[in-house]
Amino acid sequence: MYKGIQGVIKLNLVIVESPSKSKTIEKYLGKDYHVLSSKGHIRDLSTKGKYGLGVDVDNDFKPDYINIKGKSKLISELKKEVKKSDHVYLATDPDREGEAISWHLFDTLGLNEDNYERIVFNEITKDAVINSFKYARKIDKDLVNSQETRRILDRIIGFRLSKLMQAKTDGTSAGRVQSVALKLIVDREREIEKFNPEEYWTISGIFNDFEAELFKYNNKDIEIKDEVTANEILDKLSKSFKIVSVDKKNKNKKSNPPFITSTLQREASSKLGFNAKKTMSLAQKLYEGIELADETVGLITYMRTDSIRLADEFIKTTYGFIKGKYGEEYVGYVKTTKKTENVQDAHEAIRPTSINRTPESVKPFLTNDEFKLYRMIYYRALASLMKDATTENTSVILDNNNYEFKTKIVFFCMARAKNDGKGRLGGRAKGTPNKVSGTVKEWLSDLLTKNRKQIERDIKALSPKDRLLIFEKLMQYVISKQKTELEVTEIKPQDEITYDNIDLSCVPQDLLFKVADCIQEAQYQKLMRLKNGL
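Here's the deal with the packing of helix 10 (residues 312-325) against helix 12 (residues 368-384)
- For the pair helix 10 and helix 12, interaxial distance at closest approach is 10 Å and the crossing angle is 85 degrees. Between helix 10 and helix 12, the crossing angle belongs to the class labelled roughly perpendicular. In contact with F314, T318, F321 and I322 of helix 10, helix 12 contributes Y378, A381 and L382.
- Here the residues of the contact of helix 10 with helix 12 are counted per class, giving six nonpolar, one polar and no charged.

Digging into the packing of helix 8 (residues 261-272) against helix 9 (residues 276-288)
- Helix 9 packs onto helix 8 with a crossing angle of 115 degrees between their chain directions and a minimal axis gap of 9 Å. Helix 9 is crossed by helix 8, and the crossing has right-handed handedness. Here T261, L264, Q265 and A268 of helix 8 come into contact with helix 9, specifically with A276, T279, M280 and A283.
- Its residues assigned to classes, the contact of helix 8 with helix 9 shows five nonpolar, three polar and no charged.

Things to note about the sheet that holds strand 9 (residues 87-90)
- If you walk across this open sheet you meet the four strands as 4-3-9-10, and the pairing is parallel. The open sheet has two free edges, formed respectively by strand 4 (33-37) and strand 10 (116-118), since each of these has just one partner strand. Recorded for the sheet is a direction-independent mean angle of 20 degrees between the axes of neighbouring strands.
- The pairing of strand 3 (residues 12-16) with strand 9 spans four bridges and is classified as parallel. Directly across from V14, in strand 9, lies its bridge partner Y89.
- Its contacts with the sheet place helix 1 (residues 19-29) against strand 3 and strand 4, and it is angled at close to 170 degrees to strand 4.

A short note on the pattern of salt bridges
- Applying the stated criterion across every chain yields a total of 15 salt bridges.
- A salt bridge links D93 to K21; the shortest N-O distance between them is 2.5 Å. One end of the pair, D93, is in the loop between strand 9 and helix 3 (96-108); the other, K21, is in helix 1, with 72 residues separating them in the sequence.
- R188 is paired through a salt bridge with E191; the nearest N and O atoms lie 3.8 Å apart. One end of the pair is R188 and the other is E191, both in helix 6 (residues 176-194) and three residues apart, which spans about a single turn. Note on accessibility: R188 and E191 belong to one class, exposed.
- Residues joined in a network through salt bridges with shared partners are E99, R118 and R137.

Overview of the pairing of strand 4
- Examined bridge by bridge, strand 3 and strand 4 share five bridges and lie parallel to one another. Directly across from V14, in strand 4, lies its bridge partner V35.

Focus on the confidence of the model for the protein
- Per-chain confidence: the protein averages 78 in pLDDT, with 72% of residues scoring 70 or above.
- Note that residues 414-438 has pLDDT below 50 and, in this model, 72 contacts with residues that lie over four places away or in other chains.
- Residue range residues 477-509 is modelled with pLDDT below 50. Its contacts to residues more than four positions away, or to other chains, number 49 contacts.

Thoughts on unusual backbone geometry
- Of note in this structure, D60 is not a glycine but carries a positive phi near 55 degrees.
- Residue position: D60 is located in the loop between strand 6 (55-56) and strand 7 (62-63).
- Since its relative accessible area comes to 73%, D60 is described here as exposed.
- The phi dihedral of N218 is positive, around 55 degrees, even though this residue is not glycine.
- Note on placement: N218 falls in the loop between strand 12 (211-217) and strand 13 (220-221).

Things to note about the side chain of E99
- One can find E99 in helix 3.
- Exposure remark for E99: the relative accessible area of 1% places this residue in the buried category.
- In terms of polar contacts, E99 uses its side chain to reach the side chain of R137, at 2.9 Å.
- Those residues in contact with E99 that lie beyond four places of it in its chain are T92, D93, R118, R137, K138, I139, D140, L143 and V144.

Looking at helix 3
- Between its first and last C-alpha, helix 3 extends 18 Å over 13 residues, near the 18 Å set by a 1.5 Å rise per residue.
- Taking burial as the measure, the 13 residues of helix 3 include ten buried ones, the bulk of the element.
- When we look at burial in helix 3, the residues that qualify are G98, E99, A100, I101, S102, W103, H104, L105, F106 and T108.
- Just beyond helix 3, the residue with positive phi is G110, at close to 70 degrees.

Regarding the packing of aromatic side chains
- Per the stated rule, a full pass over the model turns up 13 aromatic pairs.
- Their ring planes at 50 degrees and their centres at 6.1 Å tell us that Y374 and Y378 sit as a pair that is tilted. With Y374 and Y378 both in helix 12, this residue pair falls four residues apart, about one helical turn.
- Exposure remark for Y374: the relative accessible area of 0% places this residue in the buried category.
- Pairwise contacts between aromatic rings join F207, F210, F241 and F405 into one cluster.
- Residue placement shows K138 over the ring face of Y116; its charged tip is 4.5 Å from the ring centre.
- The ring of F371 has K363 sitting right over it, with the charged end atom 4.8 Å from the ring centre.

A few points about the pairing of strand 14 (residues 242-253)
- Within strand 14, only zero of the twelve residues are buried, which leaves it mostly out in the open.
- In terms of strand pairing, strand 14 meets strand 17 (residues 389-400) through eleven bridges, oriented antiparallel. Across the sheet, the residue bridging to K253 is A389, located in strand 17.

Here's the deal with a nonpolar patch on the surface
- Taken together, L153, I157, L161 and L164 make up a surface patch of nonpolar side chains, about 300 Å² in accessible area.
- As for its placement among the helices and strands, L153 is situated in helix 5 (residues 141-168).

The rules behind these values
Residues numbered from 1 in each chain as written. Predicted model: local features only at pLDDT ≥ 70, side-chain atom pairs only at ≥ 80, totals over all residues. Heavy atoms only, no water. Axes fitted to C-alpha atoms, helices over the stretch in contact; angles between N-to-C directions. Helix = DSSP H or I, 4+ residues; strand = E, 2+ residues; numbered from the N terminus. Parallel < 35°, antiparallel > 145°, perpendicular 65-115°, else oblique. Contact = heavy atoms within 4.5 Å. Nonpolar A, V, L, I, M, F, W, Y, C, P; charged D, E, K, R; others polar. Left-handed = near helix turned anticlockwise from the far one by under 90°. Pairing = 2+ DSSP bridges. Salt bridge = Lys/Arg side-chain N within 4 Å of Asp/Glu carboxyl O. Buried < 20%, exposed > 50% of the residue type's maximum accessible area, 1.4 Å probe, protein only. pLDDT = per-residue confidence, 0-100. Polar contact = N/O pair within 3.5 Å; in protein donor to acceptor, adjacent residues only side chain to side chain. Expected span 1.5 Å × (residues − 1). Phe/Tyr/Trp six-rings, centres within 6.5 Å; stacked < 30°, edge-to-face > 60°. Lys NZ or Arg CZ within 6 Å of the ring centre and 35° of its normal. Patch = residues over 30% accessible without salt bridge, like charges linked within 9 Å, V, L, I, M, F, W, Y side chains within 5 Å. Areas by Shrake-Rupley, 256 points an atom, 1.4 Å probe, with all protein chains shown as cover.

What follows is the structure, encoded as C-alpha cells:
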C-alpha cells in the first residue's frame with residue numbers, strides 16, 4: 001500500500017500465474033503491493049453448441065467461454081481483492097498464452113481501462129520486476145486474438161477428428177499438432193521403406209596413434225561393393241606405407257548459440273536423459289525462483305522462446321566475466337542466425353539471469369536434476385559469447401602399392417568453454433585411441449556399490465557415448481571372467497563384441513542386472529561404431 005496525494009492509503013494488486021512466483025515477487029515489491037496468483041487459466045471454451053465445440057461456427061466463430069471447473073472460489077477471492085484495490089497489474093507470463101490469461105482476468109474480474117495495466121518481465125529478479133513497472137501498458141489484443149484463434153482451431157479440428165479416429169481406429173485423440181506430427185512420422189517411415197540399401201565395404205589402416213581409411217586407387221576415388229573385392233585389395237596391400245603428403249590448416253569452430261525451447265529439450269534428452277515434460281518442469285522452477293542464502297531469485301530467463309537474442313546488459317556483464325576468468329583473448333561475439341521465418345522473437349534466449357551465479361555457487365540450493373539443467377543452460381550461454389575455437393586440421397595421405405589412405409587429426413589450439421556443462425577449457429585429438437572419460441571412470445568405480453534402480457537412473461543421465469563405453473567395459477569384464485577391479489584399456493578396433501559368445505555362468509547376479517540395463521539402454525546404437533572411435 002502507499003499514501004496518495006491526500007494521505008489516503010491505496011492498494012496495488014499484482015496478479016501472476018504461479019503461486020510460487022507470487023511469493024518471490026511480493027518479496028521484491030514490499031508492503032505497498034499485494035501479489036496473488038490465478039493458477040494458470042481461469043476460463044476455457046465450453047462444450048455447448050454445434051458438435052459441442054463451444055464455438056459458434058455459423059456466427060463468425062464466436063467463442064463461448066465458461067469458468068474452468070474448480071476455479072469459482074479463486075475467481076471470487078480475486079474479485080474481492082480487486083474491489084479493495086485502486087490499481088491492478090496483470091503480470092502473467094510474457095507470451096501469447098500469458099496475454100490471453102490477462103485478458104480473461106480483465107474480463108472476468110470486471111476491470112476497466114483506468115484501473116489496470118499489463119506488465120511483463122523476462123526474468124524474475126528484483127531489478128527486472130521493478131523495472132517492468134516503468135513500461136506498464138495495456139493488453140495487446142493482437143496477441144490475445146492469436147491465442148484465441150489457435151484455441152478455436154484446436155477445438156474444431158481436435159473434437160471432430162478425435163471422434164472420427166475413435167470410430168475408425170483404436171486411437172483415442174487427434175488434433176492440430178498431433179495430426180501434423182503423425183504425418184511427418186508417416187512420411188519419414190515411407191521414405192525409409194522405399195530406401196534401397198546398397199552393400200559397401202571400407203578398408204582402414206590401423207596405426208599406433210590413428211587410423212587411415214582407403215579412399216583412392218591410382219588417383220581415382222574407389223568404391224568397394226562386396227567382400228570379394230575387399231579381400232582382393234587386402235591381398236595386394238603390404239605392411240609398408242609411404243607418407244605422400246601432410247597438409248595442415250587452421251580452422252575456426254563456432255560455439256552453439258544459447259538455448260531456445262526446442263534445443264533445450266533436445267539437449268536435455270540426449271545429455272541428461274530428461275524427457276520434454278521433466279525438462280520444462282525443472283526449467284519452470286529455475287525461472288520462478290530459487291531460495292538462495294540471502295535472496296529468492298529466478299536463476300534463468302523465460303523458458304518458452306524461439307529467439308537466440310541476448311540482452312545487452314547480459315552480454316556486457318558476460319564479456320567482463322570471460323575477460324576476468326579466462327583472459328581477454330577468449331572474449332567472443334554475439335551469435336546470430338539467418339533463420340527468421342516463423343520466429344516470433346518475442347523473448348530472449350534461455351540464459352542465466354546473472355553470469356556471476358555459477359552452477360557451483362548455487363548447487364547447495366538445488367536438487368541434483370535442477371543443478372544439471374542449470375549447469376547446462378549456464379555454460380551454453382557462456383560458451384556462446386566466447387571466441388571461436390581454433391583448430392589445427394592435419395590431413396595425412398599414405399600410399400601402399402598405389403592405394404591411397406587418408407586420415408585427419410584435429411587439435412584444438414584455442415578452446416572455448418565446453419558445452420557439456422563441465423566448464424573446463426581444453427582440447428583433444430580426433431583420431432587417437434578412444435579414452436574412457438572421467439564420467440565413465442567414476443561410474444565404473446562405484447559400480448558394485450549401486451543397486452539396480454540406481455543403475456537404471458544413472459545410466460539414463462549419461463550420454464549415449466558414455467553408455468556404450470560402459471557397456472563395452474562390462475562386456476570385457478564378463479568375457480574375461482575377471483572379478484577384480486575393472487581396468488581401463490584401449491578399445492581395439494578389431495575387437496568384436498557379440499551376444500552369442502558370452503559365458504555368464506560365473507558372473508554375480510547383481511552384475512548381470514547391470515549388464516542387462518546397459519544392453520537395454522544401448523541396444524538401439526550400433527555397437528560396432530566403437531570400431532571407428534565414436
